[in-house]
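Here is what each chain is made of, one letter per residue.
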Amino acid sequence: MTTSNLLIAAIGVPLAMLLACIVSGIRERMPSLLALAPIPALVAALCADDTPLVLGNARFALSFAMDKPGAMLLLVAAILWIAAGVYATTELRGAVNAGRFVVCWLMTLTGCIGVFLAADMVGFYFLLAVLSVGASGLVLQGGTAEALRASAIYLGLALIAEAFLLAGLVMLAMVTPDGSLLIRDAAAAIPTSPWRDLTLTLLVVGLGMKAGLVPLHFWMPLAYGAAPIPAAAVMSGAVVKASALALIRFLPFEVGLPDFGLPLAAIGLCGAFYGVAIGITQSRPKLVLAYSSVSQMGFLVAVIGMGLATGDVDTPLAASFYAAHHLLVKGALFLAVGVIATTGRRWLWPMLLPAAILALGIGGLPLTGGALAKLAVKPVLGDGWVELLAILSAIGTTLLMLHFLHRLLASASLDPSMSAPVGWVLSWISMFVAALVAPWMLYSATGIGTWSDALQPAILWAASWPILIGAGLALGLWRWGRYLPRVPEGDIVVMGQPVMRVVVRCAEALERVEGVLRQWPVAGLSLLMLSLILGGMMFNGH
Amino acid sequence: MNAPTLFGLCAAALVGVGLYGLIVNPQPLRKILAFNLIGCGVFLLFGAIARRGAAVGMGGDPVPQALLITGIVVAFSATALAVALVLRLFDETGSVTLASDAPAKAQADPPDA
Amino acid sequence: MPHSLSTQDVTSPSGLLLVLAVLVPFIGVLAGMVLGGRGAQRVAFVILAAGLAIAIAIANALVQSGDTVVYILGGWAPPLGVALRADGLAVIMLLAIAVVIGGIGVYARADFGTPPGVREARAPLMFWLLLLAVWGSLNLVFVSGDLFTLYVALELLTFAGVPLVSLGGQPETLRSALRYLLYALFGSVLYLLGAVLLYGAYGTLDILLLAARVHPEPVTWAAAALMTVGLLAKTALFPLHLWLPPAHAGAPAAASAVLSGLVIKGSWFLAVRLWLDVFAGVVTLPSAQMLAALGAAAILVGNIVALRQARLKLLIAYSTVAQIGYLFLMFPLATGLAAAQIDSTAAVNGGMLQAISHATAKAAMFMAAGLIYTTLGHDRIADLRGVARALPMTLVAFALGGASLIGLPPSGGFLAKWLLVSVAITTAQWWWVLVMLVGGLLTSAYVFIVVVRAMAPPSEGWTPRARVPYYQQVAVLALALCSFLLGMAAFCPVDVARIGRAVVPEIGWP
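Not measured: the values here are computed from a predicted model.

Draft legend 1. The arrangement of the interface of chain A and chain B in detail. At the junction of the two partners, chain A supplies five residues and chain B supplies five residues. Across the chain A to chain B interface the summed buried area is about 420 Å²; carbon plus sulfur atoms make up 81%. Its largest share of buried area at the contact with chain B, chain A owes to A:Trp520, A:Pro521 and A:Leu528, together 85% of the area lost on that side. Remark: the boundary between chain A and chain B carries zero salt bridges. At the junction of chain A with chain B, the criterion picks out one residue pair in polar contact (both at pLDDT 80 or more). Taken together, the residues that form the side of chain A that touches chain B break down as four nonpolar, one polar and no charged.

Draft legend 2. Highlighting the interface of chain A and chain C. At the interface, 57 residues of chain A touch 60 residues of chain C. Surface buried jointly by chain A and chain C totals about 5,100 Å² across both partners, of which 82% is contributed by carbon and sulfur atoms. Interface area lost by chain A to chain C is led by A:Trp520, A:Leu527 and A:Met538, which between them contribute 14%. Taken together, chain A and chain C are joined by two salt bridges. Among the ionic pairs, C:Arg308 bridges to A:Glu508, the shortest N-O distance being 4.0 Å.

Draft legend 3. Structural view of the nonpolar core. Counting 446 residues, the largest nonpolar core has A:Phe124, C:Ile104 and C:Trp268 as the members making the most contacts within it. Per element, the largest residue contribution to this core is 20 residues, and it comes from helix H6 (residues 171-202) of chain C. Those residues in contact with C:Ile104 that lie beyond four places of it in its chain are C:Phe127, C:Leu131, C:Ala254, C:Ala257, C:Val258, C:Leu262, C:Ala363 and C:Met367.

Draft legend 4. Expanded view of a nonpolar patch on the surface. Residue and element names in this part refer to chain A. There is a patch of nonpolar side chains on the surface, built from Leu 367, Ile 429, Val 433, Val 437, Met 441, Trp 451 and Leu 455 and spanning about 610 Å² of accessible area. Here the nonpolar patch gets four residues from one element, more than from any other, and that element is helix H18 (residues 422-445). With respect to the helices and strands, the residue Trp 451 is situated in helix H19 (residues 451-454).

Draft legend 5. Here's a closer look at the state of the cysteines. Residue and element names in this part refer to chain A. Per the counting criterion, the structure on display carries zero disulfides over all chains. Note on Cys 21: no disulfide assigned, nearest cysteine sulfur contributed by Cys 104 at a separation of 10 Å. Relative accessible area serves as the criterion here: at 3%, Cys 21 is assigned to the buried category. Accessibility expressed as a relative area gives 12% for Cys 104, which makes it buried.

Draft legend 6. How the structure looks around unusual backbone geometry. Backbone torsion omega between A:Val214 and A:Pro215 reads 5 degrees, so that peptide bond is classified as cis. Within the secondary structure, A:Pro215 is located in the loop between helix H9 (196-211) and helix H10 (219-226). A cis amide bond links C:Phe238 with the next residue in sequence, C:Pro239, at an omega value of 0 degrees. Tracing the chain through its elements places C:Pro239 in the loop between helix H8 (218-235) and helix H9 (244-250). We note that A:Leu367 has phi near 75 degrees; this positive angle belongs to a residue other than glycine.

About the thresholds
Residues numbered from 1 in each chain as written. Chains lettered and ligands numbered in written order. Predicted model: local features only at pLDDT ≥ 70, side-chain atom pairs only at ≥ 80, totals over all residues. Heavy atoms only, no water. Contact = heavy atoms within 4.5 Å. Buried area = accessible area lost by both parts, 1.4 Å probe. Salt bridge = Lys/Arg side-chain N within 4 Å of Asp/Glu carboxyl O. Polar contact = N/O pair within 3.5 Å; in protein donor to acceptor, adjacent residues only side chain to side chain. Nonpolar A, V, L, I, M, F, W, Y, C, P; charged D, E, K, R; others polar. Core = buried A, V, L, I, M, F, W, Y, C linked by side-chain atoms within 4.5 Å. Buried < 20%, exposed > 50% of the residue type's maximum accessible area, 1.4 Å probe, protein only. Helix = DSSP H or I, 4+ residues; strand = E, 2+ residues; numbered from the N terminus. Patch = residues over 30% accessible without salt bridge, like charges linked within 9 Å, V, L, I, M, F, W, Y side chains within 5 Å. Areas by Shrake-Rupley, 256 points an atom, 1.4 Å probe, with all protein chains shown as cover. Disulfide = S-S within 2.5 Å.

Structure below.
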């Protein structure tokens, strides 16, 4: 199996399944096949090398390739998509509009794999658009009025982000030598570009919006809260990491850019603490997880920012590893929310204990993948105040995750003997195993470090004491938590309502103006005025 | 002031009067008449140009005259189409106006002319 | 390397095709009038196929010869005679219009088929005749080589388009048709005035000859301003758009598709031709920017008012008002830049792509709205539920057309946007970038609203008011796919728009 064939199969199989859904007979049978679609991508992630696949002619060509960060993320994303696919198949049994869910699912899957593999700017933009449209469709499948609102906000923000991104990409395309559209060449051309700061700002704003960077993160709690469980799992896991990977690929890490990287790191860290602060006021487990995602993505952006500031070339690998671990754990925890909501007291502890291990892993529990992830990004963050803030962030994350476990426990089913469907439990437990094992395998396989390094007692202790402090704070939260203010989900978005009223008022006024302009005398006069003005403009230019 | 210049100024006056009528008058039939006035002005201008650009020994440049005749035909067809619409509108609604909130049917008023 | 005048005054080997492209539709009109009733419809279908074949043949001739296709009428060379010329831009438009009219023709077979038991009905007969007449006039606009023939072609286009508005026969549509006619006549008489002034100053109306003779002076400025504004009135650029929304509100779906997708492109193409060829040395960047400023206002106002509409057809009509603004954004990016020695090809390509993708997408959207009206019995946006179940293909077509208007890849709208944004950044005109992106966002808002409303499940026991034939949905989807996949034009090995358009240095430049 050559690399080209593997890459074609990785994107082609979900795309073919998506197009096959046009036939309604195939669409009926598709729910049972959802878990099979990501398998070629899994194989490609394991077996393919970094030879690019080029589709097109000399004038214009789409290019796909797999670099190391891409391979890592594609591997764990494929695992998540397969497990979530099993969960979705079980959930869709007997559902009435399974066809729509399947179409959106396959669209999101195609876009996700495509963005991980895209090596040229136009293909990347196209697949990102497919990803956004598919994901907003998935949110819409929640079926409630909140789902409609969340889906509209998600799509609106995605399009705004893509507008920024388009401007940034066009500027990149213009400074890349030889008119190459490859992302690799474009990233190398940024440091010497005459519009360097503007390009970087546009890229970061666009991709940051899609990755949940504060203050443009408010779509996350709305979307994850309203979407069905498997959709929320893949969205918080894989879809968001697509934007993070894009950020990693577009930014130039060879040259140190402190005046850009340090503010970026600061914004990321603000997001990390903001996510914790709002998350502890939420009571729905899905929302707590959503704010945890906001926090973790902020942390990831902080890592990227520090890497950019110091010009650390190990940043892509370290940041991807951190993202990969978060992908596995967050996806698994969302599946756990669904499982535990239908699990009664009798089967609760076997389901809850793995969730506890994974949740604390995000905070850096020793011997979990989370500790490895924190260890991997430590050199990038460097010493000094950033390292201190990172430790505080770990404490905050532990606090938030313990709060999550508390709410998860409270959401368990009231019927003591109820148990979740087998398919759900199967997907949850397999994700748990993957989230435990895969980080260790990746840590050594990609050469970030060795197991013996990670198992030294000093490192184990350094990871443990933030957990203990966080646990102490969690006890305090449990005791005095009722005094915390109630923050509505989507926090900032409620500020949008007065703005919307003003906007609607302006639109009404504009409509009235347009009605006046359509009166014959006004239109006739405009015609004459325009000819005078146009003539004057032509005279003026000479 | 020679003849072409005089006719040119006359053409300008016609165009001006026609523009005024087209913009200000609400009744469609008057707009049609105003359009014809503007058309007349343009054709007159064309004629003046034909006279002014005439080669030695010729009465006038033939090309504008040919174009002018075509233009008159086109303006005539335009007027015919417009008048047909006006007549049909009167048949349907009993009054002719471009305003959209005109009453629909059966007022026995003559068309505003 | 500029073309010497001699090569442009000789009929090319396949020049006769140009004459056929104009004549064949009009022969169809005459034959249809004679045969009447169902005969007109059959004639129309024969002509649809023949016209498409002619357009493809002209494109082939253009690409093979690598030069403009020329036909000199009667063998008399300009300035005394009239030339028909088809360069790359004209051929692209010829092809695109042929495809769109083919799609509309297939769609209209169900709406405007003569009812059984009747020998001849008014609306079907008139529709087919007018469709062919619009096509012939558009072809004449694209291939004409001198300004007066273009005036005649424009008037033909208006006369063919006006009765389409009032095809339904209701008083309100008659009023809209009259308003359209009067405003269009206002515009064309200003155009004629400008042409007369140009003849008075330079002694010729042939485009190539004028391009060589024109230089900046008050007469030229006045002519350029008058002609441009006259064309703007016919293209319904904001604030001269008063006739467009009411004209669409009452016209049948196929007629709206023709008006919005095609008729408007005729006068727009003429404006492009004037600014790029005749007035290239006369127009200045500020004047081009004024056109684009009007376009930007059109985009903003059109999209916002579209969001406030309650009826689907009016929403699409106001969306057209907004999309026309995009067509004029290309002007400051393609003209008036010669002083800066910037190549305008990318902007011209972008403008052409924008025009074609809009023509196909808008035709598809109006036809989809027509199908929705037939199925539901109304087109109120708030009550669109059930459309997804009854007309899935049509909803997908609407979404694809909307995606092209928004500018999502791989649609033609995206490629056009990319090209225009590149040129805007190169020439440091940042605000047009902002306008384009904001326009895309506003468009996505109403496309999303319509699609989501249509996807809502219908109420219990609801059945469609009437079944629409399958081939109508296929025609709509085919046109929408054309628009959505037009971005693949990036793979086209030949830069067609450039053929026959070498940069000609103007004599009158300082």
